[in-house]
Amino acid sequence: MSLYDDAVLVLKSYEDQTDLRQAYLDHLAAHPDGMWKSCHAGHVTASALVIDPKHGRVLLTLHKKLRMWLQMGGHCEPEDTSLEEAALREATEESGITGLTLLPGGPVRLDRHPIPPPCHCHYDVQYAVLAPPGAVQEISDESLDLRWFPYDEVPSVADESVLRLLEATRARL
């Protein structure tokens, strides 16, 4: 199965945010290249919030280009066979943590947001991943910093999209 086909199946089975989910599906139907960065009309991305529920904290990255505290994530790559795989790969690469596991139940949220040209929009499919006990992070080339934040500190550093993702993740836990 192609990554495009996987994305369509994942989105069709996602039961929340029905209008936004339909916008994702409509975008993919209109843009067969909508999984790739080269699609300037917008493309699907995969991200994951790294969470440590035992200690009530999340790992955020200070994104190098955007200079904002965000969850791990980014563009799908040709070797990705599923959105889950892409999200887990991105979380592992950007956090430096091995042994992350996806929170069961598929995507936690969808978040469509504008990005600087030449592209116009990211159709982000957001997952959550659980950090293993004793996880040690390592900053990647895409980050200025990585830091664990207690749940109650996230509102003071992150934007509304990260807060909504944290709330949805905690509700699923």
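Provided above is the structure to which this section pertains.
Keep in mind it's a predicted model, so treat the numbers as computed, not measured. (Residues numbered from 1 in each chain as written. Predicted model: local features only at pLDDT ≥ 70, side-chain atom pairs only at ≥ 80, totals over all residues. Heavy atoms only, no water.)

Asks: Explain the nonpolar core here, please?
Replies: Burial of nonpolar side chains together is a common tendency in soluble globular proteins. Ranked by size, the top nonpolar core spans 34 residues in total, and within it Met 35, Val 50, Leu 83 and Val 125 carry the most contacts. Elements with a contribution of two residues or more to this core: helix 1 (3-13), helix 2 (18-30), strand 1 (43-52), helix 3 (83-95), strand 7 (121-130) and strand 8 (143-150). Ile 51, Leu 60, Phe 149 and Val 162 belong to the second largest nonpolar core, which has 18 residues in total. (Core = buried A, V, L, I, M, F, W, Y, C linked by side-chain atoms within 4.5 Å. Buried < 20%, exposed > 50% of the residue type's maximum accessible area, 1.4 Å probe, protein only. Helix = DSSP H or I, 4+ residues; strand = E, 2+ residues; numbered from the N terminus.)

Asks: What is the right way to look at helix 1 in this model?
Replies: Quick reminder: α-helices carry 3.6 residues per turn. Residues three or four places apart thus point the same way. Those residues of helix 1 that sit buried are Leu 3, Asp 6, Ala 7, Val 8, Val 10 and Leu 11. Buried residues along helix 1 sit against helix 2, helix 3, strand 6 (109-114) and strand 7. (Contact = heavy atoms within 4.5 Å.)

Asks: Hey, could you run me through the environment of Arg 112 in this one?
Replies: In this fold, Arg 112 is placed in strand 6. Every residue in contact with Arg 112, bar those within four places of it in the chain, is listed here: Leu 20, Ala 23, Tyr 24, Cys 121, His 122 and Tyr 123.

Asks: Which parts of the structure should I look at to understand the pattern of salt bridges?
Replies: Opposite charge on two side chains permits pairing when their charged atoms draw close. Evaluated as defined, the whole model comprises 6 salt bridges. A salt bridge links Arg 89 to Asp 80, with the shortest nitrogen-to-oxygen separation between them at 2.9 Å. Owing to a relative accessible area of 4%, Asp 80 belongs among the buried residues under this scheme. With a shortest N-O distance of 3.1 Å, Glu 90 and Arg 89 are connected by a salt bridge. Residue Arg 89 is classed as buried on the basis of its relative accessible area of 15%. Several salt bridges converge on common partners, so that one network encompasses Asp 80, Arg 89, Glu 90 and Glu 93. (Salt bridge = Lys/Arg side-chain N within 4 Å of Asp/Glu carboxyl O.)

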